[in-house]
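One-letter residues, chain by chain:
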Amino acid sequence: MNLHEYQAKELLKKYNVPVQEGVPVDSADKAVAAYEDLKAKYNNNFAVVKAQIHAGGRGKGTIQGTDQRGVAVGKSADDIKRIAGNILGGTLVTIQTGPAGKLVNKVLVAQDVYYPGPNDVKEFYLSILLDRSKGQNVIMYSTEGGMNIEDVAHDTPEKIFKEWVHPGGPLQGFQARKIAFNLGLSGEAFKNCVKFVTNLYNAYVGLDCAMLEINPLFKTSDEKIIAVDCKMNLDDNALIRHADLAELRDITEEDPTEVEAGKFNLNFVKLDGNVGCMVNGAGLAMATMDMIKLSGGEPANFLDVGGTANATTVEAGFRIILKDPKVKAILINIFGGIVRCDRVAQGVIDAYKSIGDIPVPIIVRLQGTNAEEAKKLIEESGLKVQSAILLSEAAALVNKAVA
């Protein structure tokens, strides 16, 4: 589950992680009020207005039809009102959103951290995630912050450092000091960085994060270390331990069909192809998608109905797939292990009758428990459903449907 920047920062503050302070607002007038509060608190006329969407590249992205960037600095109340007014209600297009962009419902009015002082300011990069190859958490960090870390990794890989931490224990003191040293810090900034990294790792573990990225990790002119931006992804499987965090979910940022699928406990991911897939089991779903591509089609989705498929879930799957106008055929590929094939077949028949005329060909391939009974049910239903036993037969039918 992805969080907005302002939500992530509030969670980090509970773990004593210093962040760039700010106020989330949903109107230009509220943005001005937030600016006045920040100005009085920090005695600085500058403030930053940041679009709050679940996507990176906001600073380089623009609001559709305008030159307005998704992140901009204002020097006065009039500036803040104009920038917030331009961003709110607009569609922000970034390298991660694609051309469709995302609607901006909130902006974060944040303090300016580039204030003058006795030392130079510096931007770093730091993230924490699970390294599945090692079975350990890894802290990735670099002196090259505030930019696309992918470009740094490609052009100057020697500037990417990694520190692995066993998930059964805390981040060790020497590891935190090693990170601060590799970032070239000394004195007060070194001490602050050690505290920052230690508390950040505690937040990563305590919140059951799947990924936590700080870019830039910032050293101010008075040697403070703070998180200027934060991308936080929570492990969905751990939300049962965090009822308060589950309430932070913003479904307006998610694909509507994926949200609907979640209501029926369907594992659904929308893709850009022309063949809808309904499969039980993630591995079989991946193999089915490969088979569709080999047969000349392109998968329109990943849909795993799980081992408890019934008429209700099958019908829900049908309706979700049919919302995609690109779909030219639907392939149902079921291996009857936990779930009986005849139950799925009956679900297909019931769903077909409930929905009415389905305008695209439906190919059903059933193998395993009660596969023959399932094939008989479909053939005797009188519906426009093509059945197959072998995967090669299903592939041929898919090829014919999309040709």
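Residues numbered from 1 in each chain as written. Predicted model: local features only at pLDDT ≥ 70, side-chain atom pairs only at ≥ 80, totals over all residues. Heavy atoms only, no water.

(A) Inspection of the nonpolar core at higher detail. Of all hydrophobic cores here, the largest spans 40 residues; its most connected members are Leu12, Leu126, Ile139, Leu200, Met232 and Leu234. Elements that contribute at least two residues to this core include exactly helix H1 (5-13), strand E8 (122-131), strand E9 (136-142), helix H5 (173-182), helix H6 (187-206), strand E11 (209-219), strand E12 (225-227) and strand E13 (231-234). No other element matches the nine residues that H6 contributes to this core. Excluding residues within four positions of it along the chain, Met232 makes contact with Met1, Asn2, Leu3, Ala8, Leu11, Leu12, Leu207, Cys209, Met211 and Leu212. (Core = buried A, V, L, I, M, F, W, Y, C linked by side-chain atoms within 4.5 Å. Buried < 20%, exposed > 50% of the residue type's maximum accessible area, 1.4 Å probe, protein only. Helix = DSSP H or I, 4+ residues; strand = E, 2+ residues; numbered from the N terminus. Contact = heavy atoms within 4.5 Å.)

(B) Representation of the packing of helix H11 (residues 341-355) against helix H12 (residues 371-379) in the model. In the contact formed by H11 and H12, the axes pass within 7 Å of each other and the chain directions differ by 15°. It follows that H11 is roughly parallel to H12 by the angle criterion. Crossing handedness for the pair H11 and H12: right-handed. Residue-level contacts link Cys341, Asp342, Ala345, Gln346 and Ile349 of H11 to Ala371, Glu373, Ala374, Leu377 and Ile378 of H12. (Axes fitted to C-alpha atoms, helices over the stretch in contact; angles between N-to-C directions. Parallel < 35°, antiparallel > 145°, perpendicular 65-115°, else oblique. Left-handed = near helix turned anticlockwise from the far one by under 90°.)

(C) Here's a closer look at the environment of Val275. Mapped onto the fold, Val275 is located in strand E15 (residues 275-279). What makes Val275 buried here is its relative accessible area of 0%. Through-space distance from the C-alpha of Val275 to that of Tyr125 is 41 Å; in sequence the pair is 150 residues apart. Setting aside residues no more than four positions away along its own chain, Val275 makes contact with Ile292, Gly297, Glu298, Pro299, Ala300, Asn301, Ala329, Leu331, Val398 and Val402.

(D) Representation of the pairing of strand E7 (residues 107-111) in the model. Among the five residues in E7, five count as buried, and that is most of the element. In terms of strand pairing, strand E1 (residues 22-25) meets E7 through four bridges, oriented antiparallel. What sits directly across from Val25, in E7, is Val107. (Pairing = 2+ DSSP bridges.)

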